[in-house]
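Below are the chains, spelled out letter by letter.
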Amino acid sequence: MISSGGVLVTFANWARNQSCTPAEVRTPASVEDVVSAVRDAAASGRRVRMVGTGHSFTGAALTDGIMLRPGALTGIRSWAGDRVTVLAGTPLRVLNELLDERGLALANMGDITEQTVAGAIQTGTHGTGRDSGGLADQVAELELVLADGSVATAGPGEELFDAARVGLGALGVLTAVAFRVEPAFLLHNRRRELPLGEILGSLDALTSENEHLDFFWLPHTDACLVKTNNRSAGPARPPSAFRHWLDNVFLENTVFGAACALGARFPDLIPRINAVSAAALGDSESVDTSYKIFTARRDVRFLEMEYAVPREHLAQALRETRDLIERMDWKITFPVEVRVTPPSDAWLSTAYGRPSAYIACHIYRPTPNPAYFEGVEEIMTRLGGRPHWGKLHTRDASYLSKVYPRFADFTALRDRLDPGRVFGNEYLDRVLGVS
């Protein structure tokens, strides 16, 4: 087995819980390079996958065949009014900066910006929004290389467009994405501490009154850090350099990392550690460029499971999760995160066809707790939950076919486009089926 340069290379994801040693690694710099890789894989009976920056916790990107690293497939291909076409390997961080230079912005995004645009779209990366959905819902056109080596473009009204926006890389290798963009805007960010009990009683009001709602519940306490983002006419009031460092670097990363390490060594201290963290939560406000408000820094490595449930089941899902943690006496350092999105029309979007609420559970990477994830997963699946494609879960095609109305349409399209499973891997075998 060789990589470029004849050196054996093992790929590992950000969380270091997934790895593979592909037979070959290529770094395509053009669509033609991708076409060549796909044709070579098909001709030699190998499989091919494009990997992003490794921010998925699942084996979605793994391959034993040809692995494509998109570091040279980056940049803006074209600007056209309210559309920008970007090459698939471009990091979201770079896209945000390029858009801002032109006075433009995405309507919504998640809080991590290290992912490539293709990786984020293909796994259904989302933020939180009352009216605006995830990245896949802001896509205007896709370009991808199909299993026969042809290059296809897909836009609204085409089944390939609705299937491939959250396509898991199963339908082709994404090479370029056109996003709908809008004039740059400011967001008014407010952070405050609220009791979980109060939030559970006012979820409808919180979601309807705020354009973007995100809150974190600290297990073993009744404390939640609630973040609301709403558009502002200005003027901008960004946090001072010290305040930004204090909140986003020191408290949310340095101090939190130390707390996790202490809890890993002395688990019985975790409830008290969380109580101290809850007491330290304070209110703050700022007005800043949208992408600077949407995004956050995440240095502490963790494992994550996230489920999307119908929004009307959010309160029940949270109560049952809280009760489960207390009943099982698990010691959980990481907060449980909650976000919301409107319905999506991308076939495999976790928000397809319904207003959705997301419940994300995290565990400090050095102290995995499979029983915690299994217990929460039982709650979420009982409520019709859909697992995030890039986060840990145990669901397979038999379950997923029941919670995605267009699942059979997706797999039928896959059968037509990739009957030989050039783009297959073990993860896709499990979640899409092996037929």
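What comes next concerns the included structure. Because the structure is predicted, anything quoted here is derived from the model rather than measured.

### Notes on a negative patch on the surface
Piece 1. On the surface, E193, E198, D222, D283 and E285 cluster together into a negatively charged patch.
Piece 2. Within the element layout of this structure, E285 appears in strand β16 (residues 284-289).

### Some points on the nonpolar core
Nonpolar side chains in soluble globular proteins tend to end up buried together.
Piece 1. With 75 residues, the main nonpolar core has F179, L348, W389 and L432 as its most contacted residues.
Piece 2. In this structure L348 touches V166, L168, W389, Y404, F407, F410 and L432, once residues within four positions along its chain are discounted.
Piece 3. Membership of the second largest hydrophobic core comes to 45 residues, among which are L200, W330, I332 and V340.

### Observations concerning a nonpolar patch on the surface
Piece 1. A cluster of nonpolar side chains, contributed by F242, W245, F250, L251 and V255, occupies part of the molecular surface with about 450 Å² of accessible area.
Piece 2. Taking the relative accessible area as the measure of exposure, V255 reaches 35% and is therefore partly exposed.

### Here we look at the pattern of salt bridges
Piece 1. As enumerated under the stated definition, the model contains 29 salt bridges in all.
Piece 2. Among the salt bridges present, the one from R93 reaches E114, with a minimum N-O distance of 3.9 Å. Placement of the pair is R93 in helix α2 (residues 92-101) and E114 in the loop between β8 (104-105) and α3 (117-122), with a sequence separation of 21 residues.
Piece 3. A relative accessible area of 34% means that R93 is categorised as partly exposed.
Piece 4. When the shortest N-O distance is used, the salt bridge between E252 and K227 registers 3.8 Å. With E252 in helix α7 (residues 241-265) and K227 in strand β15 (residues 223-232), the pair connects residues that are 25 residues apart, well separated along the chain.
Piece 5. Look at K227 and you get buried, because its relative accessible area is 13%.
Piece 6. Shared partners join several salt bridges into a network, and the residues in it are D111, R191, K227, E252 and R298.

### So, helix α1 (residues 31-44)
Piece 1. A rise of 1.5 Å per residue sets the reference length of α1, with its 14 residues, at 20 Å; its end C-alpha atoms lie 20 Å apart and thus fit the reference within 8%.
Piece 2. Residues of α1 that are buried: V31, V34, V35, A37, V38 and A41. When α1 is viewed along its axis, its buried side chains cluster within an angular range of 165° and face the same direction. Exposed residues pointing more than 90 degrees away from the buried face of α1 are listed as E32 and A43.

### Some remarks on the environment of V86
Piece 1. Relative to the assigned elements, V86 resides in strand β7 (residues 83-87).
Piece 2. Residue classification places V86 among the buried residues on the basis of a relative accessible area of 0%.
Piece 3. A C-alpha to C-alpha distance of 18 Å links V86 and T123, two positions 37 residues apart in sequence.
Piece 4. Discounting chain neighbours no more than four positions away, the residues touching V86 are G75, I76, R77, L95, V117, A176, V177 and F179.

### Focus: the packing of helix α10 (residues 314-328) against helix α11 (residues 370-382)
Piece 1. The contact between α10 and α11 brings their axes to 10 Å, and the two run at 150°. Between α10 and α11, the angle is such that the two are roughly antiparallel. The chirality of how α10 crosses α11 is right-handed. Together, Q316, A317, E320, T321, L324 and I325 of α10 and Y372, G375, V376, I379, M380 and R382 of α11 make up the contact between the two elements.
Piece 2. Here the residues of the contact of α10 with α11 sort into seven nonpolar, three polar and two charged.

### Some points on the sheet that holds strand β5 (residues 66-68)
Piece 1. Ordered in space as β3-β5-β4, the three strands form an open sheet in which the pairing is parallel. Each edge of the open sheet is held by one strand with a lone partner, namely β3 (24-26) and β4 (48-50). On average, each strand axis in the sheet is inclined to that of its neighbour by 20°, with strand direction left out of account.
Piece 2. Against the sheet, α1 touches β3, β4 and β5, its axis set at about 165° to β5.

### Regarding the pairing of β15
Piece 1. Counting buried positions along β15 gives eight out of ten residues, so the element sits mostly inside the fold.
Piece 2. Pairing analysis gives ten bridges linking strand β13 (residues 186-195) to β15, with the strands arranged antiparallel. Of the residues in β15, the one forming a bridge with R192 is V226.
Piece 3. Between strand β14 (residues 212-217) and β15, which pair antiparallel in sequence order, lie five residues; one of them, H220, sits at a positive phi of approximately 75°.

### As for the side chain of S344
Piece 1. Residue position: S344 is located in the loop between β18 (336-341) and β19 (356-364).
Piece 2. Residue S344 is classed as buried on the basis of its relative accessible area of 5%.
Piece 3. Within the structure, the side chain of S344 is placed 3.1 Å from the backbone nitrogen of A346, a separation counted as a polar contact.
Piece 4. Of the polar contacts made by the side chain of S344, one reaches the side chain of S349; its length is 3.4 Å.
Piece 5. Setting aside its immediate chain neighbours within four residues, S344 contacts D137, S349, A351, Y352 and G353.

Conventions adopted
Along each chain, the written sequence defines residue order, and numbers are assigned to residues from 1. Side-chain atom pairs in this predicted model are given and counted only at pLDDT of 80 or more, local residue features only at pLDDT of at least 70, and totals for whole chains, interfaces and linings cover all residues. Calculated side-chain values reflect all of the structure's heavy atoms, with hydrogen atoms and water omitted. For patch building, the residue pool is restricted to those with more than 30% relative accessible area and no salt bridge; the joining distance is 9 Å between like charges and 5 Å between nonpolar side chains (Val, Leu, Ile, Met, Phe, Trp, Tyr). Areas reported as accessible are Shrake-Rupley estimates using a 1.4 Å probe. Residue values count occlusion only from the protein chains shown. A pairing counts as a salt bridge when a side-chain nitrogen of Lys or Arg comes within 4 Å of a carboxyl oxygen of Asp or Glu. A positive count includes Lys and Arg, and a negative count includes Asp and Glu. His and the chain ends are not counted in either. Just so you know, the charge point we use is NZ for Lys, CZ for Arg, CG for Asp and CD for Glu. Strands are runs of DSSP state E lasting at least two residues, helices are runs of H or I lasting at least four, and both sets are numbered from the N terminus onward. Residues belong to a common nonpolar core when they are buried Ala, Val, Leu, Ile, Met, Phe, Trp, Tyr or Cys residues joined through side-chain atoms within 4.5 Å. The buried label applies to any residue whose accessible area, calculated with a 1.4 Å probe on protein chains only, is under 20% of its type's maximum; exposed applies above 50%, and partly exposed to all values in between. Two residues form a contact once any of their heavy atoms are found within 4.5 Å. Here the expected span of a helix is defined as 1.5 Å times the quantity of residues minus one. To obtain the arc, one takes the directions from the helix axis to the C-beta atoms. Lines fitted to C-alpha atoms define the axes, with helix axes restricted to the stretch in contact, and inter-axis angles between N-to-C directions lie between 0 and 180 degrees. Put simply, angles under 35 degrees are roughly parallel, angles over 145 are roughly antiparallel, angles from 65 to 115 are roughly perpendicular, and the rest are oblique. Less than a right angle of anticlockwise turn of the near helix away from the far helix marks a crossing as left-handed, whereas a clockwise turn marks it as right-handed. Three categories are distinguished: nonpolar for Ala, Val, Leu, Ile, Met, Phe, Trp, Tyr, Cys and Pro, charged for Asp, Glu, Lys and Arg, and polar for the others, with Gly belonging to the last. Here, any two strands with at least 2 DSSP bridges between them count as paired. We define a polar contact as two N or O atoms separated by no more than 3.5 Å, with the added condition that, inside protein, one atom must be a possible hydrogen donor and the other a possible acceptor, whereas residues neighbouring each other in sequence contribute only through side-chain atom pairs.

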